[in-house]
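Single-letter residue listing:
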Amino acid sequence: MKFIDISIKNFNGMSKYPSLEDYKHEVLKDYSLGDQYSLSKIAMPMHIGTHVDAPYHFIEDGIKIQDIPLETFYGQCAVIEIDAAVISQETLSKKKITGERILFKTNNSTLQNKGQEVINNVYIDKSGSEYLSKMGIKLIGIDYFSVDNINNKIKDAHKILLSKGVILLEGINLYGVDEGEYIISCFPLNVMNSEGSPCRAILIK
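Residues numbered from 1 in each chain as written. Predicted model: local features only at pLDDT ≥ 70, side-chain atom pairs only at ≥ 80, totals over all residues. Heavy atoms only, no water.

Asks: Teacher, can you tell me more about the layout of surface pockets here?
Replies: Regions of empty space are outlined by a rolling probe, equal in size to a water molecule, passed over the atoms. Considered as a void within the structure, the largest pocket measures approximately 760 Å³ in volume. Along the walls of the largest pocket sit 31 residues, with Ile-8, Lys-9, Ser-15, Gln-112 and Phe-145 positioned nearest its centre. A total of three residues in the lining of the largest pocket trace back to one element, the largest contributor, which is helix 2 (residues 107-113). Grouping the constituent residues of the lining of the largest pocket by class yields 16 nonpolar, 10 polar and five charged. (1 Å grid on protein atoms, 1.4 Å probe; cavity = no way out; pocket = protein on both sides within 12 Å on 5 of 7 lines; lining within 4 Å. Points joined across faces, edges and corners; volume = space filled by probe spheres on them. Helix = DSSP H or I, 4+ residues; strand = E, 2+ residues; numbered from the N terminus. Nonpolar A, V, L, I, M, F, W, Y, C, P; charged D, E, K, R; others polar.)

Asks: Sorry if this is basic, but what is going on with unusual backbone geometry here?
Replies: Backbone phi values are negative for most residues with the exception of glycine, while trans is the configuration of most peptide bonds. The backbone of Lys-155 shows a phi angle near 60 degrees, a positive value even though the residue is not glycine. Inspection of the secondary structure assignment puts Lys-155 in the loop between strand 9 (139-142) and helix 4 (156-163). Located in the positive-phi region is Asn-193, a residue other than glycine, with phi close to 60 degrees. Among the secondary structure elements, Asn-193 is positioned in the loop between strand 11 (180-185) and strand 12 (196-198).

Asks: What is the right way to look at a nonpolar patch on the surface in this model?
Replies: On the surface, Leu-28, Tyr-31, Tyr-37 and Leu-39 cluster together into a nonpolar patch covering about 410 Å² of accessible area. The exposure class of Leu-28 is partly exposed, given its relative accessible area of 37%. (Patch = residues over 30% accessible without salt bridge, like charges linked within 9 Å, V, L, I, M, F, W, Y side chains within 5 Å. Areas by Shrake-Rupley, 256 points an atom, 1.4 Å probe, with all protein chains shown as cover. Salt bridge = Lys/Arg side-chain N within 4 Å of Asp/Glu carboxyl O. Buried < 20%, exposed > 50% of the residue type's maximum accessible area, 1.4 Å probe, protein only.)

Asks: Honestly, helix 3 (residues 126-133) in this entry has me stumped. Any pointers?
Replies: Count 3.6 residues to each turn of an α-helix, and residues three or four apart come out pointing the same way. When we look at burial in helix 3, the residues that qualify are Gly-128, Ser-129, Leu-132 and Ser-133. The buried residues of helix 3 occupy one face: seen down the axis, they fall within an arc of 130 degrees. Those residues of helix 3 that are buried are in contact with strand 6 (86-87), helix 1 (89-93), strand 7 (101-105), strand 8 (123-124), strand 9 and helix 4. (Arc of directions from axis to C-beta. Contact = heavy atoms within 4.5 Å.)

Asks: What is the right way to read the nonpolar core from this model?
Replies: A general tendency of soluble globular proteins is for nonpolar side chains to be buried together. Of all hydrophobic cores here, the largest spans 22 residues; its most connected members are Ile-6, Leu-103, Leu-169, Leu-174, Val-177, Cys-186 and Leu-203. Looking at this core, the elements that each hand over two or more residues are strand 5 (74-81), strand 10 (167-170) and strand 11. Ignoring any residue separated from it by four or fewer positions in sequence, one finds Cys-186 in contact with Val-52, Phe-73, Leu-139, Leu-169, Cys-199, Arg-200 and Ala-201. Among the nonpolar cores identified, the runner-up in size contains 21 residues, and Ile-80, Leu-92, Leu-132 and Ala-157 belong to it. (Core = buried A, V, L, I, M, F, W, Y, C linked by side-chain atoms within 4.5 Å.)

Asks: Would you mind showing me how to read the packing of helix 3 against helix 4 here?
Replies: Pairs of packed helices are described in terms of their axes, by the angle between the two and the distance that separates them. Where helix 3 meets helix 4, the axes come as close as 9 Å, and the angle between the chain directions of the two elements is 10 degrees. On the basis of their axis angle, the class for helix 3 and helix 4 is roughly parallel. Every residue of helix 4 that contacts helix 3 at Lys-126, Ser-129, Glu-130, Leu-132 and Ser-133 is listed here: Asp-156, Ala-157, Ile-160 and Leu-161. Split by residue class, the contact of helix 3 with helix 4 holds four nonpolar, two polar and three charged. (Axes fitted to C-alpha atoms, helices over the stretch in contact; angles between N-to-C directions. Parallel < 35°, antiparallel > 145°, perpendicular 65-115°, else oblique.)

Right under this line is the structure:
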């Protein structure tokens, strides 16, 4: 059995969606400061790093984090490699997509692994979102901060997928992960009344 961590490491100065506040990890007590123990705190938006979007993020009457069935976050999962700038219906129709949990591996992972800023991210467009929303998928993941184009203010993918109850896993790192079948575990924090939550995403082979 092999465990593959596909989570992004959280640290001060980490990359993030441009409009979000910075991640802040502050040391309150530490041995290096003469203290007898170590204690720290974090302050962060729910959508920084590897995180889950609940429908309430973009759907007013959508469910929140605590209401998502836990089985959504664990089970069979398919990693699908996309060699295209846009995940459209045309792109997806050429792939065999089955199962309840799908992760898209794109060029975003390669660029981020090389430390390059992703200016034009690979994203799911409106046609791709509508196509996926009809397939009975519980969870869709992508290797970027957002399933939408970073420059798209309408957020078609979020609205279409979340309106159908599809949970989104964003900010994963699939560099070095082969296309294929896995078990995924990506449980969010049990944050009450929240539209999203950070999580630790793991693939098991």
